[in-house]
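Letter by letter, the chains look like this.
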Amino acid sequence: MKNGLERLRKETAPLREQLINHPLYSQIRSLPDLNIFMEYHVFAVWDFMSLLKSLQRQLTCIDIPWVPKGNAATRYLINEIVTGEECDIDQNGNRLSHFELYLNAMRQAGSNTGTINAFIKELESHQSVDKALQNCNIMQPVLDFVHNTFGIIATGQVHIQAAVFTFGREDLIPGMFISFVRELNKTADKATVFQYYLERHIEVDGGHHSHLAYQMTEQLCGDDNQFWEEATQAVIEALNSRVKLWDSILSEIQKNRT
């Protein structure tokens, strides 16, 4: 199992490094630049929850009557992360999800929340994800990213979902980006909520969660070489999807300046 995990890390390392060192971060130099980033990135914040809830549904019992299901350590991991993501605290101690906290950060920064709010209303009226995306005229790069995530969910293969969850999500925003936000707050004081969101995410998703997530992926892939190959390929595709999203945001920022 350790060999499978190390092989996955090795084969996905170049893409993870590409994301961590992506030129997008250094090109976000102003509040308007940050607004563009947030208006795209909020959909990645949203679809992360759907991936997480899919894992919760498959790895724990959410049915009645209840019966014990799966591995207790994995149940603990998923339920703990769901609690942290769905009902964390904001900078004033109020309970809310990280997605709702992100929306608050967008409002403070002056970002346009109209598209994401319309999308959520579509979902609340029981539209499918595809139909909601279509009705709200979502930007193509965001469409492609969300489709990748929901394609992973649609497989129903929990080892693939766990690998993408562990290696392909929000831990890919580097510390240099948080440093920029801190500097922005010194002059504009328009991103204090976003700074809190980033720092809270690092705190909540720190080493403990990462360690448990690695264990979860190991347990679900086990000694099955095919499972490890499928998981590795899915992580590569997810990381490529994020690179394309980052490239598109960078292009939009540069276009906006001209």
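For the structure itself, look to the data block above.
Since this is a predicted model, take the numbers as computed values, not measurements. (Residues numbered from 1 in each chain as written. Predicted model: local features only at pLDDT ≥ 70, side-chain atom pairs only at ≥ 80, totals over all residues. Heavy atoms only, no water.)

Engineer: So what about the layout of surface pockets? Which residues, and what values?
Structural biologist: The computed volume of the second largest pocket comes to approximately 210 Å³. Listed by contribution, the elements that provide at least two residues to the lining of the second largest pocket are α3 (31-59), α5 (98-109) and α6 (114-124). No other element matches the 4 residues that α6 contributes to the lining of the second largest pocket. Residue composition of the lining of the second largest pocket, grouped by class: 5 nonpolar, 2 polar and 3 charged. (1 Å grid on protein atoms, 1.4 Å probe; cavity = no way out; pocket = protein on both sides within 12 Å on 5 of 7 lines; lining within 4 Å. Points joined across faces, edges and corners; volume = space filled by probe spheres on them. Helix = DSSP H or I, 4+ residues; strand = E, 2+ residues; numbered from the N terminus. Nonpolar A, V, L, I, M, F, W, Y, C, P; charged D, E, K, R; others polar.)

Engineer: I'd like to hear about a negative patch on the surface, residue by residue, with values.
Structural biologist: Together, Glu 11, Asp 223, Asp 224 and Glu 229 line one region of the surface with negative charge. Topologically, Asp 223 is positioned in the loop between α12 (207-221) and α13 (225-257). (Patch = residues over 30% accessible without salt bridge, like charges linked within 9 Å, V, L, I, M, F, W, Y side chains within 5 Å. Areas by Shrake-Rupley, 256 points an atom, 1.4 Å probe, with all protein chains shown as cover. Salt bridge = Lys/Arg side-chain N within 4 Å of Asp/Glu carboxyl O. Lys, Arg positive; Asp, Glu negative; His and termini not counted. Charge placed at Lys NZ, Arg CZ, Asp CG, Glu CD.)

Engineer: Requested: an account of the packing of aromatic side chains, with residues and values cited.
Structural biologist: The full count for this structure, using the stated rule, is 10 aromatic pairs. The interplanar angle of 20° and the centroid separation of 5.6 Å between the aromatic rings of Phe 48 and Phe 165 together place this pair among those described as stacked. Placement of Phe 48 in helix α3 and of Phe 165 in helix α9 (residues 158-167) is noted, with a sequence separation of 117 residues between them. For the pair Phe 48 and Phe 165, a shared accessibility class is recorded, and that class is buried. Every member of this aromatic cluster is reached through a ring pair, and the members are Phe 43, Trp 46, Phe 119 and Phe 150. (Phe/Tyr/Trp six-rings, centres within 6.5 Å; stacked < 30°, edge-to-face > 60°. Buried < 20%, exposed > 50% of the residue type's maximum accessible area, 1.4 Å probe, protein only.)

Engineer: An account of α9 is needed here, citing residue identities and associated values.
Structural biologist: For α9, the buried fraction is high: 10 of the 10 residues fall into the buried class. By the burial criterion, the buried members of α9 are Val 158, His 159, Ile 160, Gln 161, Ala 162, Ala 163, Val 164, Phe 165, Thr 166 and Phe 167.

Engineer: Account for the nonpolar core, naming residues and giving values.
Structural biologist: Residues Leu 34, Phe 37, Phe 119 and Phe 194 are the most contacted members of the largest nonpolar core, which totals 84 residues. By residue number, the principal contributor to this core is α3, which donates 17 residues. Ignoring anything within four residues of it in the chain, the contact list for Phe 37 reads Leu 24, Ile 28, Tyr 102, Phe 177, Phe 194, Trp 246 and Ile 249. (Core = buried A, V, L, I, M, F, W, Y, C linked by side-chain atoms within 4.5 Å. Contact = heavy atoms within 4.5 Å.)

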